[in-house]
Amino acid sequence: MDLKQLDSEDRAVLEMAKDLALRAGRIQRDRYETGVDVRTKSATIDLVTEVDHACEALIVGALEEERPQDAIVAEEGGGEDHPDREWRWVIDPLDGTTNYAHGFPRFCVSIGVEFRDETRVGVVYDPLLDELFYAVRNAGAWLGERKLQVSTTGDFGQALIATGFSYDVHKSANDNVARFARVLKAARGLRRDGSAALDLCYVAAGRLDAYWELKLHAWDVSAGSLIVQEAGGQVTDCEGGAAPRSGEELVSSNGLLHDTLISYVKDQ
Ligand code: IPD
Ligand code: CA
Ligand code: CA
């Protein structure tokens, strides 16, 4: 199947998710480096800005208006989840908030849409590069007009890999640092760029060969995981099993490097 063969409901959901991501991204772009209000959440390093809230209000407000029958899970608490609804929108209104607050140009909007507990549509928009990534289950993954395909790197020593750290890193012993050190010594390069959703899209686009992280949330991984899978990549937990939709554990790769990455990031 390709995008031309989508049924009308899938097409409507995809078009709405794209439109909302573009509109929220416009807010991010317009207010970037304008001295936005920043507060803390679960820890002193866990930030939220007024732009996170403005983007979420736009997306959730439009969904409540146009698709009142759908469930909504949004990072900053907007909308209502309903386990019995067929469609569920899983929204990170601004992924990369620390970057945004510091004027580091790497952040995005991420919108995943589930149908009966399976992600059906994923859209991620980087407003500074004006890059719109999207995928529909069984119909492929795209960056604008270009179909996405993961890289063909099979040698870990030639791989560019990314990871991230959760906001409890100052206090938790399960901090990803030992895993980071193991991969750092084995791969060509290792990045920590601060946007899980974009990291996943970069695996899908072949810009990264693999990406893993622990203690993420559903809104970080919903859209990006589908985009990786539809680009031919693999997404699992740290043992190689099905990745939980909660985002608790996520290992993604071009498939060729998967077992090697798992050997470095599983519990030792
Ligand atoms: C964070 C980013 C970051 C990742 C953190 C996430 P936020 O999301 O995706 O790259 O390392 O674990 O929480 O807070 O900027 O939406
Ligand atoms: Ca996030
Ligand atoms: Ca966020």
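First, a word on scope: everything that follows refers to the structure included in this document.

About the thresholds
Residues numbered from 1 in each chain as written. Chains lettered and ligands numbered in written order. Predicted model: local features only at pLDDT ≥ 70, side-chain atom pairs only at ≥ 80, totals over all residues. Heavy atoms only, no water. Donors = N, O, S within 2.8 Å, 3.2 Å for Na, K, Ca; no water. Helix = DSSP H or I, 4+ residues; strand = E, 2+ residues; numbered from the N terminus. Buried < 20%, exposed > 50% of the residue type's maximum accessible area, 1.4 Å probe, protein only. Near = heavy atom within 4 Å. Polar contact = N/O pair within 3.5 Å; in protein donor to acceptor, adjacent residues only side chain to side chain. Areas by Shrake-Rupley, 256 points an atom, 1.4 Å probe, with all protein chains shown as cover. 1 Å grid on protein atoms, 1.4 Å probe; cavity = no way out; pocket = protein on both sides within 12 Å on 5 of 7 lines; lining within 4 Å. Sits in = over half its atoms within 2 Å of the grid points. Nonpolar A, V, L, I, M, F, W, Y, C, P; charged D, E, K, R; others polar. Expected span 1.5 Å × (residues − 1). Bend = angle between axes of the 7 residues up to and from the residue.

1. So, the coordination of the calcium ion (ligand 3)
Part 1 of the reasoning: Looking at the metal site, the calcium ion (ligand 3) is ligated by Glu-75 (OE), Asp-92 (OD) and Leu-94 (O), spaced 2.2 to 2.4 Å from it.
Part 2 of the reasoning: Each donor residue of the calcium ion (ligand 3) lies on one chain, and together they are spaced E-x16-D-x1-L.
Part 3 of the reasoning: The two metals, the calcium ion (ligand 3) and the calcium ion (ligand 2), are separated by 3.7 Å and share Asp-92 as a common coordinating residue. A residue pair is termed long-range when its members are at least 10 positions apart, and Glu-75 in the loop between strand 3 (71–74) and strand 4 (87–95) and Asp-92 in strand 4 qualify at 17 residues.
Part 4 of the reasoning: A residue is classified by how much of its surface remains accessible, and Glu-75, at 23% relative accessible area, is partly exposed.
Part 5 of the reasoning: The class of Asp-92 is buried, set by a relative accessible area of 1%.

2. Some details on the site of ligand 1
Part 1 of the reasoning: Neighbouring ligand 1 are 16 residues, the closest being Asp-95, Gly-96, Thr-97, Tyr-167 and Glu-213.
Part 2 of the reasoning: Contacts to ligand 1 include Glu-213, whose side-chain N or O atom sits 2.6 Å from an oxygen atom.
Part 3 of the reasoning: Taken by itself ligand 1 offers 380 Å² of open surface, and the protein chains cover 96% of this.
Part 4 of the reasoning: The cavity that encloses ligand 1 is the largest pocket.
Part 5 of the reasoning: A per-element tally of the shell around ligand 1 places strand 4 first, with three residues.
Part 6 of the reasoning: Counted by class, the shell around ligand 1 contains five nonpolar, five polar and six charged residues.

3. Looking at helix 6 (residues 218–230)
Part 1 of the reasoning: Between its first and last C-alpha, helix 6 extends 18 Å over 13 residues, near the 18 Å set by a 1.5 Å rise per residue.
Part 2 of the reasoning: Along helix 6, the largest kink reaches about 25° and is centred on Gly-224.
Part 3 of the reasoning: Among the 13 residues that make up helix 6, eleven are buried, leaving the element largely enclosed by the rest of the structure.
Part 4 of the reasoning: Two residues or fewer past helix 6, Gly-232 is found with a positive phi of approximately 95°.

Everything listed is a geometric property; what it means functionally is a separate question.
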